[in-house]
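Listed here are the chains, written in short residue letters.
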Amino acid sequence: MVDPRTAERLTYRALYFACAGLVLFLGLLPLSQTPTLWPVPDGWQEGLPEGLLLFGLPVPDVLLCLTLLWVQRRPDFITVWAVAVVFLLSDLLAMRPPGLWTLIVVVGTEIIRVREADTRDMPPWGEWAVAAVAILGMMLAYRLALGLFLLPDVDTGQAAGAALMTILLYPVLAGILRVTLGLRRAATGEVDQLGKRL
Amino acid sequence: MARARSGDQDYRGPVRRILVAILCLVLAAVFLVWRIDSPRVERLRVALLDRIVPPMGWAMAPITTLADMVASFQSYDRIYQQNQDLRRELQQLKSWKEAALQLEQQNAKLLAQNQVRLDPKLTSVSGVVLADTGSPFSKSVLLNIGSRDGILDGWATMDGLGLVGRIAGVGQNVSRVLLLTDASSRVPVTIQPSGQRAMVVGDNSAAPPLDFIGAPEQVHPNDSVVSSGDGGVFPGGILVGKVIQTRDKRFRVLLSADYSRLEFVRVLRSRPEEAVPGAGPLIVPEPEPYGPALPQPAAPPPTITPPPLPDPTMSPAPEPASPDGTPDVTPDPEPVQPAPGAVPNG
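Scope of this entry: the structure provided in the associated data block.

### Points about the overall build of chain B
For step 1, the next point in the chain: A count of helices and strands for chain B gives five helices and 12 strands.
For step 2, the next point in the chain: For chain B, the share of sequence-separated contacts (at least 6 apart) that also reach a separation of at least 24 residues comes to 56%.
For step 3, the next point in the chain: Element-wise, carbon and sulfur atoms account for 61% of the exposed surface of chain B, whose accessible area totals about 21200 Å².

### Remarks on the interface of chain A and chain B
For step 1, the next point in the chain: Facing the 44 residues of chain A at the interface are 52 residues of chain B.
For step 2, the next point in the chain: Summed over both sides, the interface between chain A and chain B buries roughly 4400 Å², with carbon and sulfur atoms accounting for 71% of that surface.
For step 3, the next point in the chain: With eight residues, the single largest contributor to the side of chain A that touches chain B is helix α4 (residues 80-93) of chain A.

### Notes on the environment of Ser205(B)
For step 1, the next point in the chain: Among the structural elements, Ser205(B) can be located in the loop between β7 (196-201) and β8 (210-211).
For step 2, the next point in the chain: Distance from Ser205(B) to Asp182(B), taken between C-alpha atoms, is 8.2 Å for residues 23 residues apart in sequence.
For step 3, the next point in the chain: The residues touching Ser205(B), leaving out its near neighbours within four places in the chain, are Pro35(A), Leu54(A), Phe55(A), Thr181(B) and Arg252(B).
For step 4, the next point in the chain: Within the local environment of Ser205(B), its side chain forms a polar contact with the side chain of Arg252(B), the two groups lying 3.1 Å apart.

### Structural notes on the sheet that holds strand β11 (residues 251-255) of chain B
Residue and element names in this part refer to chain B.
For step 1, the next point in the chain: Pairing in this open sheet of six strands is antiparallel, and the strands run β8-β7-β6-β9-β10-β11 from one edge to the other. The open sheet has two edge strands with one neighbour each: β8 and β11.
For step 2, the next point in the chain: As defined by bridge partners, strand β6 (residues 186-191) adjoins strand β9 (residues 224-227) across three bridges and the pair is classed as antiparallel. Opposite Ile191, over in β9, you have Val225 as the bridge partner.

### Topic: the pattern of salt bridges
Oppositely charged side chains can form a pair if their charged atoms are brought close together.
Residue and element names in this part refer to chain B.
For step 1, the next point in the chain: Under the criterion given, the structure shown has 10 salt bridges over all chains.
For step 2, the next point in the chain: Between Arg40 and Asp37 there is a salt bridge; the shortest N-O distance is 2.7 Å.
For step 3, the next point in the chain: Taking the shortest distance from any N to any O, the salt bridge between Arg88 and Asp85 comes out at 3.5 Å. Of this pair, Arg88 and Asp85 both sit in helix α4 (residues 79-114), three residues apart, which is roughly one turn of that helix.

Reading the values: rules and limits
- Residues numbered from 1 in each chain as written.
- Chains lettered and ligands numbered in written order.
- Predicted model: local features only at pLDDT ≥ 70, side-chain atom pairs only at ≥ 80, totals over all residues.
- Heavy atoms only, no water.
- Helix = DSSP H or I, 4+ residues; strand = E, 2+ residues; numbered from the N terminus.
- Contact = heavy atoms within 4.5 Å.
- Areas by Shrake-Rupley, 256 points an atom, 1.4 Å probe, with all protein chains shown as cover.
- Buried area = accessible area lost by both parts, 1.4 Å probe.
- Polar contact = N/O pair within 3.5 Å; in protein donor to acceptor, adjacent residues only side chain to side chain.
- Pairing = 2+ DSSP bridges.
- Salt bridge = Lys/Arg side-chain N within 4 Å of Asp/Glu carboxyl O.

The structure is reproduced here in structure tokens:
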């Protein structure tokens, strides 16, 4: 007989893998190779600035958003190994330099994980602010590392757009996961059914 | 129980920290190994894709179909407008078709007169797009053909209309096509009426910019852009797109290939052209088993010579050009898609 706490923890760990796998799988679908402006109907696209037409809307990093959500809300539901495996796989699939982005995300999530107990009584916008700082910090560190190793880098404007979209996605994804999976922050002093601190 | 657990955590904390540090070191080592010996790790990456992606085809097919259906449903609201546009376009195309037919006949005659052989080694293998990279900053797609079908790195790929990209990474069953829009893609091109050389430099946008144009004042919007074949890997003369000019006066290429719906892609099986090592073999050719050893030019000039005189210097083939000018353009000797086993170099 598995005790309910362990069962819950294992379920959520598996759910993280499932969500990450879904994001990676949807990213692999060969739908369109052109930048899209999908929320904008075709007739309205004439007056838009040229750069937007050429490059499309910046695409958020859904995987990063998902991982930050999980780490900030329930760090015991996501192990550092899960983060490493998922991001290393995404590095390999997305033709990024393997290991670098994984390393940055692992370090970033570990910093957040260590501070989770102190930041538990933060209001929701505080959590969002932490996520925003983390996203900006990680993307900046990645670009610095790419520059340091003389690797080709993307345009600053595009990278900034992607960071902004990722930050904007955070509360949306938080709402979706709270409704569908019941993933929420543990309150200060919250206990499980056995009276144990979370 | 509680004490046992807290004691457990007391000793697990430092151990965990050490393990995380080791994990970070391993990740950094992976990155450094990739940085030092990129080709080997890239081969590992392709081998991984080879394992992962093809079995996912069954799951991808219904979702891709669904997305296509949604996209075509979205296009219903402007179907009337499209219909009108298409009718107008059809009228224009009919006149073009007449012109094209006449030109085709003329071209066949001229080719017969000139005994020009279009490159017979340029055959192709068709593949289906399996997946894309799933990253907004890397534009490439995976095809379901690989080294099993004789695909080699660097070959050009096109859809029915124009150049799509080049092969970068070949696995056993899959190969990766680096699209022209990728930030690391560079393709030498010629801008057609003026003959200017330039590079199409991908920057993740829908229309990659043209760089290193010799004389930009000779380039105009709507000029056609074809691959130039410089560098020896790409065959020349493949349509890339046409020139557009953005408001910042920069020239970009509107790609001919339909990037919004890449489904079937042809990989052009190009052999490297024979290099001319020096002047010697040009002046004194190899003795042939038939006919006298005559000096011959390096390549037949593209100008059209008058037909009636079968000049031996122009046609080293055993039979001189048929003087009556009947079109005898030889068809491609190789089939378009050979059986996988029949590919010469695996």
